[in-house]
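Chains, contacts and geometry: an overview
Listed below, chain by chain, are the residues.
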Amino acid sequence: MKQNRRDFFKTTGLLAGSALVSGYTNNLLTEKIIGNKMSGKIKFRYKPYTLELKHVFTVATNSRTTTPVVLTEIEYEGIIGYGEASMPPYLGESHQTVLDFLSKVDFAKYENIFDLETILADIDSIAPGNPAAKASVDIALHDLIGKLMNQPWYNIWGLNKDKTPYTSFTIGIDKPDVVRQKVKEADEYKILKVKLGRDNDREMIETIRSVTDKPITADANQGWTDRQYALDMINWLNEKNVLFVEQPMPKIQVEDLKWLTQHSPLPTIGDESVQRLSDVVKAREIFSGINIKLMKSTGMREAYKMITLARALGMKVMLGCMTETSCAISAAAQLSPLVDWADLDGALLISNDVYEGTKIIDGKVTLSPLPGIGAKKI
Ligand SMILES: [Mg+2]
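Cut-offs used in this document
- Every chain is numbered independently, its residues counted from 1 as its sequence is written.
- Restriction of local features to residues with pLDDT of at least 70 applies here, the model being predicted, together with a cutoff of 80 or more for giving and counting side-chain atom pairs; totals for whole chains, interfaces and linings are based on all residues.
- Helix and strand assignments come from DSSP, with helices taken as H or I runs of at least 4 residues and strands as E runs of at least 2, each series counted from the N terminus.
- Here exposure depends only on C-beta density: within 10 Å of a residue's C-beta, 20 or more other C-beta atoms make it buried, 12 or fewer make it exposed, and intermediate numbers make it partly exposed, the C-beta atoms being placed from the backbone.
- Any two residues are considered in contact once their C-beta atoms, placed from the backbone, lie within 7 Å.
- Lines fitted to C-alpha atoms define the axes here, with helix axes fitted over just the stretch in contact, and angles between the N-to-C directions of these axes take values from 0 to 180 degrees.
- Throughout this description, any angle smaller than 35 degrees is read as roughly parallel, any larger than 145 degrees as roughly antiparallel, any in the 65 to 115 degree range as roughly perpendicular, and the remainder as oblique.
- Less than a right angle of anticlockwise turn of the near helix away from the far helix marks a crossing as left-handed, whereas a clockwise turn marks it as right-handed.
- Each residue gets one label: Ala, Val, Leu, Ile, Met, Phe, Trp, Tyr, Cys and Pro are nonpolar, Asp, Glu, Lys and Arg are charged, and the others, such as Gly, are polar.
- For two strands to pair, DSSP has to find at least two bridges joining them.
- Whether a crossover is right-handed comes down to one check: with the strands pointing away from the viewer, does the path from the first strand over the helix to the second run clockwise; if it does, it is right-handed.
- To be clear, the arc concerns the directions from the helix axis to the C-beta atoms.
- Values of pLDDT, the confidence the predictor places in each residue, fall between 0 and 100.

Remarks on the overall build of the protein
- Scanning the protein for helices and strands turns up 13 helices and 16 strands.
- Buried residues in the protein amount to 47% of all 378 residues.
- Taking contacts inside the protein between residues at least 6 apart in sequence as the whole, the part at least 24 apart equals 64%.

Quick look at the packing of helix H2 (residues 95-102) against helix H4 (residues 131-149)
- The N-to-C vectors of H2 and H4 enclose an angle of 55°; their axes lie 9 Å apart at closest approach. Relative to H4, the element H2 is oriented oblique. Between H2 and H4 lies a crossing whose hand is right-handed. Contacts between H2 and H4 involve Thr97, Val98, Phe101 and Leu102 from the first element and Ala132, Ala133 and Ser136 from the second.
- Classifying every residue of the contact of H2 with H4 by side-chain character gives five nonpolar, two polar and no charged.

Let's talk about the pairing of strand S8 (residues 242-246)
- Counting buried positions along S8 yields four of five residues, so the element is predominantly enclosed.
- As defined by bridge partners, strand S7 (residues 216-219) adjoins S8 across three bridges and the pair is classed as parallel. Bridged to Ala218 within S8 is Val245.
- Taking the sense of rotation as the criterion, the β-α-β connection linking S7, helix H8 (residues 227-238) and S8 turns out right-handed.
- Summarising the sheet, S8 and strand S9 (residues 268-270) pair through two bridges and their orientation is parallel. Each residue of the ladder has a partner; that of Val245, found in S9, is Thr268.
- For the handedness criterion, the β-α-β arrangement of S8, helix H9 (residues 254-263) and S9 is classed as right-handed.

Some thoughts on unusual backbone geometry
- Here the phi dihedral of Asn130 falls at roughly 50°; this positive angle occurs in a residue that is not glycine.
- Within the secondary structure, Asn130 is located in the loop between helix H3 (116-124) and H4.
- According to the C-beta neighbour criterion, Asn130 is buried, with 22 such atoms within 10 Å.
- With a phi close to 45°, Asn221 is a non-glycine residue in the positive phi region.
- By secondary structure assignment, the location of Asn221 is in the loop between S7 and H8.

What about the environment of Thr72?
- Tracing the chain through its elements places Thr72 in strand S3 (residues 63-76).
- Taking the C-alpha atoms as reference points, Thr72 and Thr30, 42 residues apart in sequence, are found 9.5 Å from one another.
- Those residues in contact with Thr72 that lie beyond four places of it in its chain are Arg45, Tyr46, Gly83, Glu84, Ser136, Val137 and Ala140.

Some thoughts on the packing of helix H6 (residues 176-185) against helix H7 (residues 201-209)
- Two numbers describe how H6 lies on H7: the axes approach to 9 Å, and their chain directions differ by 45°. When the interaxial angle is binned, H6 and H7 end up oblique. Of the two elements, H6 crosses H7, and the hand of that crossing is right-handed. When H6 is examined against H7, the residues Pro176, Val179, Arg180 and Val183 are found in contact with a partner set consisting of Glu203, Met204, Thr207 and Ile208.
- For the contact of H6 with H7, the class distribution of residues is five nonpolar, one polar and two charged.

A word on the sheet that holds strand S12 (residues 341-342)
- Strands sit in the order S5-S6-S7-S8-S9-S10-S11-S12 across an open sheet of eight strands; the sheet is parallel. Edge positions in the sheet fall to strand S5 (168-171) and S12, since each of these pairs with one other strand and no more.
- Running at roughly 170° to strand S10 (residues 289-292), helix H12 (residues 300-312) makes contact with S10 and strand S11 (316-319) of the sheet.

A closer look at H2
- Among all positions in H2, only Val98, Phe101 and Leu102 are buried. Down the axis of H2, the sector holding all buried residues measures 95°, keeping them to one side.
- Where H2 is buried, its residues meet strand S2 (42-58), S3, strand S4 (79-86) and H4.

Considering the confidence of the model for the protein
- Looking at the protein as a whole, the pLDDT averages 90, with 89% of positions reaching at least 70.
- Note on residues 1-26: pLDDT is under 50 here. Beyond four places in sequence and across chains, it has 21 contacts.

What to know about the environment of Ala132
- Structurally, Ala132 can be placed in helix H4.
- For Ala132, a count of 31 C-beta atoms within 10 Å puts it in the buried group.
- Placed 38 residues apart in sequence, Ala132 and Ser94 show a C-alpha to C-alpha distance of 9.4 Å.
- With residues up to four places along the chain from it excluded, the contact list for Ala132 reads Ala85, Ser86, Met87, Glu93, Val98 and Met295.

Looking at the environment of Tyr154
- Among the structural elements, Tyr154 can be located in helix H5 (residues 153-156).
- Given 24 C-beta atoms within 10 Å, Tyr154 falls into the buried group.
- In the structure, Tyr154 is positioned 182 residues away from Ser336 in sequence and 8.8 Å away in space, judged by C-alpha atoms.
- Among all residues touching Tyr154, those that are not within four sequence positions of it are Leu159, Lys161, Gln334, Pro337 and Leu367.

Pasting the structure below:
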């Protein structure tokens with residue numbers, strides 16, 4: 001299925017046209033065509049895009065209404081793999097840093113598109129950091145390879161698609177009457193997530209409990225700095241049908257976090273403290289479990305390794321996300337049969353998704369039967 005030169009220009013023209021469709025306006029499409037050592041040609045495209053949030057999103061440290069992302073495509077022999085980088089501003093990556101990183105990715109070096117281990121290790125070595133930029137390549141490569149094999153990744157990994165978890169749905173911090181309304185609107189979701197770490201933590205939980213008894217997961221986002229206060233809060237939350245507490249204290253307070261986990265009646269889950277595979281062993285001493293996100297782990301391949309290692313160490317595993325389109329959410333969802341808890345509501349919080357794939361049906365992560373990551377353009 002090699003493309004001839006004429007087909008290639010036709011494809012490019014179509015894609016350049018699609019870049020003008022609403023939402024892509026003003027975003028520059030970058031395309032690199034690489035004649036390489038492989039039998040086919042690889043085309044690598046990427047463009048910045050801005051996700052619009054349905055509601056102002058407030059956590060312990062900030063509020064925002066948009067999230068920058070970069071959408072990637074890797075095309076090989078006419079098959080296109082989709083990927084995405086999502087860059088919440090507080091994590092340090094941006095449209096510019098991702099575009100700069102992706103401009104340094106050179107597929108001409110690689111001999112075998114299936115050799116993810118070599119390709120992704122090499123891309124990782126381009127520069128330290130840049131986890132979302134790296135994830136945008138990893139996800140697109142996984143999507144492409146799954147499509148070349150004509151299988152979704154849950155099949156390639158040998159996972160049961162019916163064993164996906166329910167996802168939590170985040171109720172943003174707000175005034176009590178707004179919170180009550182949001183809880184009622186979230187009727188479909190079986191588990192609610194609450195961002196804590198501010199001065200109205202008890203009020204938020206009590207407000208939700210005035211409407212529903214559903215299990216709640218709590219995320220303090222490093223917001224509690226006194227360990228005894230954190231323990232008192234967790235003891236109180238334990239009486240309120242809360243399942244676990246994510247990142248109760250700042251990641252630099254390692255000894256306090258260890259002490260808290262030893263005394264906590266609820267599992268503690270490391271999020272900001274745990275980014276990549278190399279962090280998992282350290283986390284075992286600090287938390288009961290870890291929150292894995294593709295935008296921290298550099299993508300699906302390392303996330304899979306992190307789950308395997310965490311399980312071997314006897315740790316709980318949660319699968320989370322940033323604000324993302326259904327592209328990155330579908331990629332993460334491929335791993336979800338392996339985890340205890342999922343927090344994959346990122347695409348539900350935006351009003352301008354450009355993909356559809358994994359859906360949340362009656363609160364449960366429901367995988368698409370499509371090959372690769374299971375996402376297609378809307
Ligand atoms: Mg978190």
